[in-house]
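Read off the chains here:
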Amino acid sequence: MAEGKAIFSISDGYVSRVTVGKFGFGNAVYVRHPNGTTSVYCHLKRFVPQLNALVGKLQVRHQPAEQEYDIWLKPWQMPVSEGQLIAVSGDTGSSVAPHLHLEIRDTKTWAMLDPLDYLKDFLQDTTPPQAHAFMVYPQEGAGVFNGSAKKQYFGFTSNHLERVFNAWGRVGFALWANDYMEETYHHYGIRQTQLLVDDSLVFFCDVNNIPHQHNLMVNSWGDYAHYRRSHVWYMKSFADPGNRLPILHVDDNRGIVCFDEERDYHLVYILTDAFGNQSQYSFVVKGQKQTVPHATEKNAANLLKWNLTNCFQRPGMQLYVRQGLLPDDVELHPHVKQGTKGLSDAWSFRDDSYPMFGNAVLSIRLKHPVNDPSKICLVGNDGREYDAIVENGWVHGKIRDLGLSYEAGYKRTNNKKQQ
């Protein structure tokens, strides 16, 4: 999608909010509708002149030079009709290319809804979803698949694979699949996914009505580490112990399949899109008794438990991770080095990105007193600033990714902090 494309309101309503910012959604318009939903149009290049003028008048509490603001409007200030021009597309905020990021939210709960439910009158789709490959996750110390305890992926060359796999113990599965439509090359996520083993449902999900407070758990549902390396998104057909996404429905084994009998297990994926088009993919796994390697011994002193509140300390640093922020137990690899800002050491905890479900609190001791504590924040090696306070020679800040490096630094003017 190119910049400058016309953006229209999908339904009657009124503009309830307008944001302008360097990060996140960039320039965005929120339209509240009478049916209890709000449509959000993000990464816009500019607003229509009428809306731009109105926002300018309302921006009375901001300095003229300020580049970021958040304006809320009353219902009578900017009513819109279905199909009314509200903005043009752009590339603002956290965007890697020009496009329109459209969201539909429940206005009251702010839960994420499937936009296709509200766009069906404008689209045609008789094409069923397509699966590309599945990934296997032998549980550490508890399972093997095709003789290996490592995760592996296998392509779908047809809807039923003739190849017979073998496994023993506990194994999780994940799927790489997309939905498609006529008259477009774009692809979409799968609305409903089911995994059946010997005709018994072990996993079901319906990607609709994701609660706002659980939104970050989607990173745990997908294979985040694999996506970081390959940009291929495998959706797990099981739930990590700490993942509480209510759209995921699993059996008593959290969707993990237990191969504990020497026989054939018949696995079937059933994929359904928002229009009801459906496809099935199947394969056979032979239960074959074999040796399961022992789990790698972890350093208990560096281990954060998913079901506990964790307080991890080293001289000059404390990391407080409350219960409910982790998808699973995670072993830290703490590393400290001299900070580049001259205010503190720089601390890191993992070798790669590891997002949590919310904010942990990182405390780092300052090397010397600062004249104006209000100007101090935490700075990540991603270049962003993170909310922090200074108290008794320490800087306490909120962080969400264990894979970054953090140190104390001075705030930059007009730089948006982590929300």
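Refer to the preceding data block for the structure.
Residues numbered from 1 in each chain as written. Predicted model: local features only at pLDDT ≥ 70, side-chain atom pairs only at ≥ 80, totals over all residues. Heavy atoms only, no water.

1. Points about the sheet that holds strand 25 (residues 335-338)
Pairing between the strands of a sheet comes from backbone hydrogen bonds, and it takes one of two forms, parallel or antiparallel.
Okay, step 1: The strand order across the open sheet built from five strands is 25-26-32-28-29, with neighbouring strands paired in antiparallel fashion. Strands with a single pairing partner mark the edges of an open sheet, and in this sheet they are strand 25 and strand 29 (385-386). (Pairing = 2+ DSSP bridges. Helix = DSSP H or I, 4+ residues; strand = E, 2+ residues; numbered from the N terminus.)

2. Re the sheet that holds strand 30 (residues 388-391)
Okay, step 1: The strand order across the open sheet formed by five strands is 22-23-27-31-30, and the pairing between neighbours is antiparallel. At either margin of the open sheet sits one strand with a lone partner, and together these are strand 22 (310-314) and strand 30. Averaged over all neighbouring strand pairs, the angle between strand axes comes to 20°, with direction disregarded.
Okay, step 2: Two elements, strand 30 and strand 31 (residues 394-401), share four bridges in a ladder whose sense is antiparallel. Across the sheet, residue Ala388 finds its bridge partner in strand 31, namely Gly397. (Axes fitted to C-alpha atoms, helices over the stretch in contact; angles between N-to-C directions.)

3. Topic: the pairing of strand 10 (residues 130-145)
Okay, step 1: With respect to burial, strand 10 is a largely interior element, 12 of its 16 residues being buried.
Okay, step 2: In textbook terms, the turn of a hairpin is the stretch between consecutive antiparallel strands, and for strand 10 and strand 11 (residues 152-155) this stretch comprises six residues, one of which, Asn146, has a positive phi near 50°. (Buried < 20%, exposed > 50% of the residue type's maximum accessible area, 1.4 Å probe, protein only.)

4. Overview of the packing of aromatic side chains
Okay, step 1: Within this structure, the stated rule accounts for 21 aromatic pairs.
Okay, step 2: With a centroid separation of 5.7 Å and 35° between ring planes, the pair formed by Phe145 and Phe165 is classed as tilted. Here Phe145 is found in strand 10, whereas its partner Phe165 is found in strand 12 (residues 160-180), with 20 residues between them in sequence.
Okay, step 3: The class for Phe145 is buried, based on a relative accessible area of 0%.
Okay, step 4: Through a chain of ring-to-ring contacts, the aromatic side chains of Phe134, Phe145, Phe154, Phe156, Phe165, Phe173, Phe259, Tyr265, Tyr281 and Phe283 assemble into a single cluster.
Okay, step 5: Just above the ring of Tyr30 sits the side chain of Arg17; from NZ or CZ to the centre is 4.7 Å. (Phe/Tyr/Trp six-rings, centres within 6.5 Å; stacked < 30°, edge-to-face > 60°. Lys NZ or Arg CZ within 6 Å of the ring centre and 35° of its normal.)

5. Some words on helix 1 (residues 49-58)
Okay, step 1: Of all the positions in helix 1, only Leu51, Leu54 and Val55 are classed as buried. One side of helix 1 carries all its buried residues, which in axial view fall inside an arc of 100°. Helix 1 presents Pro49 and Lys57 as exposed residues on the side facing more than 90 degrees away from its buried surface.
Okay, step 2: The inward-facing, buried residues of helix 1 contact strand 2 (13-20), strand 3 (27-32), strand 4 (37-47), strand 5 (69-72) and strand 7 (85-89). (Arc of directions from axis to C-beta. Contact = heavy atoms within 4.5 Å.)

6. Describing the nonpolar core
Okay, step 1: Of all hydrophobic cores here, the largest spans 37 residues; its most connected members are Phe134, Phe145, Phe173, Phe259, Leu267 and Phe283.
Okay, step 2: Where this core is concerned, the elements lending two or more residues are strand 10, strand 12, strand 14 (192-197), strand 15 (200-206), strand 18 (257-259), strand 19 (264-272) and strand 20 (278-287).
Okay, step 3: The element that contributes the greatest number of residues to this core is strand 12, accounting for seven residues.
Okay, step 4: Counting 29 residues, the second-largest nonpolar core is a separate cluster that includes Val321, Leu343, Met356 and Leu402. (Core = buried A, V, L, I, M, F, W, Y, C linked by side-chain atoms within 4.5 Å.)

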